[in-house]
Amino acid sequence: MTGNPPTPSPTQHPLTARMAGVVERMARAGHPALDQLSPDEAKASYENGAGVLEVPKPALARIEDFSIAARDGFAIPARLYAPSSDALPALVYFHGGGFTVGNIRTHDTLCRVLSSKSGCAVVSVDYRLAPAHKFPTASDDAWDAFHFIATRGASLGLDERRLAVGGDSAGGTLAAVCAILARDAGLPLALQMLIYPGTAAHQDTASHRRFAHGPLLTEAMIDFFFDQYLRTSADRDDWRFAPLLADDVDGVAPAWIGLAECDPVVDEGIAYADKLRAAGVPVDLEIYRGVIHEFIKMGRAVPEALQAQDDAARALKEALTP
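Residues numbered from 1 in each chain as written. Predicted model: local features only at pLDDT ≥ 70, side-chain atom pairs only at ≥ 80, totals over all residues. Heavy atoms only, no water.

### A few points about the state of the cysteines
What is meant by a disulfide is a covalent connection between two cysteines, made through their sulfur atoms. Our working definition: Note on terminology: disulfide denotes any pair of cysteine sulfur atoms within 2.5 Å. Think of it in three bands: with a 1.4 Å probe and only protein chains considered, a residue is buried below 20% of the maximum accessible area for its type, exposed above 50%, and partly exposed in between.
A complete count under the given rule lists zero disulfides for this structure. Left unpaired, Cys-111 is separated from the closest cysteine sulfur, that of Cys-120, by 13 Å. Cys-111 supplies the cysteine sulfur nearest to Cys-178, a cysteine that is in no disulfide, at a spacing of 15 Å. Residue classification places Cys-178 among the buried positions, given a relative accessible area of 1%.

Dropping the structure here:
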């Protein structure tokens, strides 16, 4: 939520009045864009602004912190949210932040909302971030966490037979990767919930050009994030960074994909929906008009955020309820 984007004219970006007001207030606040900061400063700045426009935190019956062992022995922090102590189906969730910023705390409210509205448990995963941890650490951590929940979730009181995976932005990328790996591993997965995911190897679509200067997410910020995360340019051609490059997506879990119209990554989100549909995968694609990247965490100011939260929770409930 931290940035200093230029205020767009209505002819450039068809923002809703509420969304335009948010963008204007952000510009007036004058915070430096994340790409103008060091990685540590960017992490702190993003966290400081993450909850400014969010709805009140719903109360839940269970909120428990625990850890999951990664393949190299690292203890991946995780947080379980559940509206009851019953053996519930679960969404394994990965936060956004360009593989560089964000954490369990920055997405605490969103995970609470998804759990409360869907009646399902949510497991939020604090995968390791760049630049200390380069590609493919985030992807490996995400898969290790999902695999744990899919094979040992019963130890947490979860129903391993009814699982979804999801995330926003970079977290959406990780969720898409896990959906492919779950298919390959033969693990049950009912839904992949992708919120404005990054899916392409290169940021060269029409929407990347159209929104190169924001609002909020800019070309410079995307370059900053990926410069932190990728080891070499060759990493861009790995499907675990760019799921559009996956050899095939036949037989992966059905998808709910929620995109923001005024977002650099909207075209690659549509392209991934097309790739899934071409493989016969059921896809529910929602494009929320007049809003920007990160909008789903702006429920206090942007009605479309509340609608997207409701839609995502309904998709979860429908996919995970017997």
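So, next bit.
### Section: the pattern of salt bridges
Where we set the bar: Salt bridge, as used here, is a side-chain nitrogen of Lys or Arg placed within 4 Å of a carboxyl oxygen of Asp or Glu. Helix and strand assignments follow DSSP, with helices taken as H or I runs no shorter than four residues and strands as E runs no shorter than two, numbered in order from the N terminus.
All told, the structure shown has 22 salt bridges when counted by the stated rule. Note that Lys-57 and Asp-108 form a salt bridge whose closest N and O atoms lie 2.8 Å from each other. Pair noted here: Lys-57 is in the loop between α2 (39-49) and β1 (62-69) and Asp-108 is in helix α3 (residues 108-118), with a separation of 51 residues, a long-range link. Given a relative accessible area of 48%, Lys-57 falls into the partly exposed group. The buried category is assigned to Asp-108, whose relative accessible area is 4%. Put simply, Asp-140 and Arg-240 hold a salt bridge, and the shortest N to O gap is 4.0 Å. Here Asp-140 is found in helix α4 (residues 137-152), whereas its partner Arg-240 is found in the loop between α7 (219-229) and β7 (255-262), with 100 residues between them in sequence. Exposure remark for Asp-140: the relative accessible area of 18% places this residue in the buried category. Salt bridges here are not isolated pairs; linked through shared partners, they connect Lys-57, Asp-65, Arg-79, Asp-108 and Arg-112.

### Re the confidence of the model for the protein chain
Going by this rule: Per residue, pLDDT measures the predictor's confidence, with a range of 0 to 100. The contact rule is simple, with two residues in contact once any of their heavy atoms fall within 4.5 Å.
Overall, the predicted model of the protein chain reaches an average pLDDT of 95, with 96% of residues at or above 70. Across residues 1-11, where pLDDT falls below 50, the model places 37 contacts with residues more than four positions away in sequence or in other chains.

### Focus on the environment of Ala-246
Positionally, Ala-246 belongs in the loop between α7 and β7. Classification of Ala-246 as buried rests on a relative accessible area of 6%. Residues Ala-246 and Tyr-93 lie 153 residues apart in sequence; the distance between their C-alpha atoms is 21 Å. Ignoring any residue separated from it by four or fewer positions in sequence, one finds Ala-246 in contact with Ile-180, Trp-239 and Lys-275.

### Some remarks on the side chain of Asp-35
Defined as follows: Residues counted as positive are Lys and Arg, residues counted as negative are Asp and Glu, and His and the chain ends are not counted. Side-chain atoms alone can form a polar contact between residues adjacent in sequence; in general such a contact is a pair of N or O atoms within 3.5 Å, and within protein one must be able to donate a hydrogen while the other accepts it.
With respect to the secondary-structure elements, Asp-35 resides in the loop between α1 (17-29) and α2. The buried charged residue Asp-35 lacks any salt bridge partner; its closest oppositely charged side chain belongs to Arg-236, at an N-O distance of 14 Å. Of the polar contacts made by the side chain of Asp-35, one reaches the side chain of Gln-36; its length is 2.9 Å. The residues contacting Asp-35, other than those within four sequence positions of it, are Thr-218, Ala-220, Met-221 and Phe-224.

### Some details on the pairing of strand β3 (residues 88-94)
Looking down a regular strand, the side chains alternate between one sheet face and the other. The following threshold applies: Only strands that DSSP links by at least two bridges are regarded as paired with each other.
With respect to burial, β3 is a largely interior element, seven of its seven residues being buried. Bridging between β3 and strand β5 (residues 158-168) involves six bridges; their strand directions are parallel. What sits directly across from Leu-91, in β5, is Ala-164. By the bridge criterion, five bridges tie β3 to strand β4 (residues 121-125) in an arrangement that is parallel. Looking across to β4, one finds that Ala-90 is bridged to Ala-121.

### Details of the packing of α4 against helix α5 (residues 170-185)
Rules: Axis definition: a line fit to C-alpha positions, over the contact stretch in the case of helices; interaxial angles, taken between N-to-C directions, run 0 to 180 degrees. Each angle is binned into one of four classes, with values under 35 degrees roughly parallel, values over 145 roughly antiparallel, values of 65 to 115 roughly perpendicular, and all other values oblique. Should the near helix be turned anticlockwise from the far one by less than a right angle, the crossing is left-handed, and should it be turned clockwise, the crossing is right-handed. When residues are sorted by character, Ala, Val, Leu, Ile, Met, Phe, Trp, Tyr, Cys and Pro go into the nonpolar class, Asp, Glu, Lys and Arg into the charged class, and all the rest, Gly among them, into the polar class.
At their nearest, the axes of α4 and α5 sit 10 Å apart, and the two run at 55° to each other. In terms of their interaxial angle, α4 and α5 are classed as oblique. Here the hand of the crossing between α4 and α5 comes out right-handed. Contact with α4, carried on its side by Ala-138, Ser-139, Ala-142, Trp-143 and Phe-146, involves Leu-174, Val-177, Cys-178, Leu-181, Ala-182 and Ala-185 of α5 and no other residues of that element. Broken down by class, the residue content of the contact of α4 with α5 amounts to ten nonpolar, one polar and no charged.

### Section: the sheet that holds strand β8 (residues 283-292)
Ordered by their spatial adjacency, eight strands build an open sheet running β1-β2-β4-β3-β5-β6-β7-β8, and the pairing between neighbours is mixed. Where the open sheet ends on each side, the last strands, each with one partner, are β1 and β8. Between one strand axis and the next, the sheet turns by 20° as a mean value, whatever way the strands run. Of the strands in this sheet, β3, β5, β6 (191-195), β7 and β8 are in contact with helix α9 (residues 303-320), which crosses β8 at around 170°.

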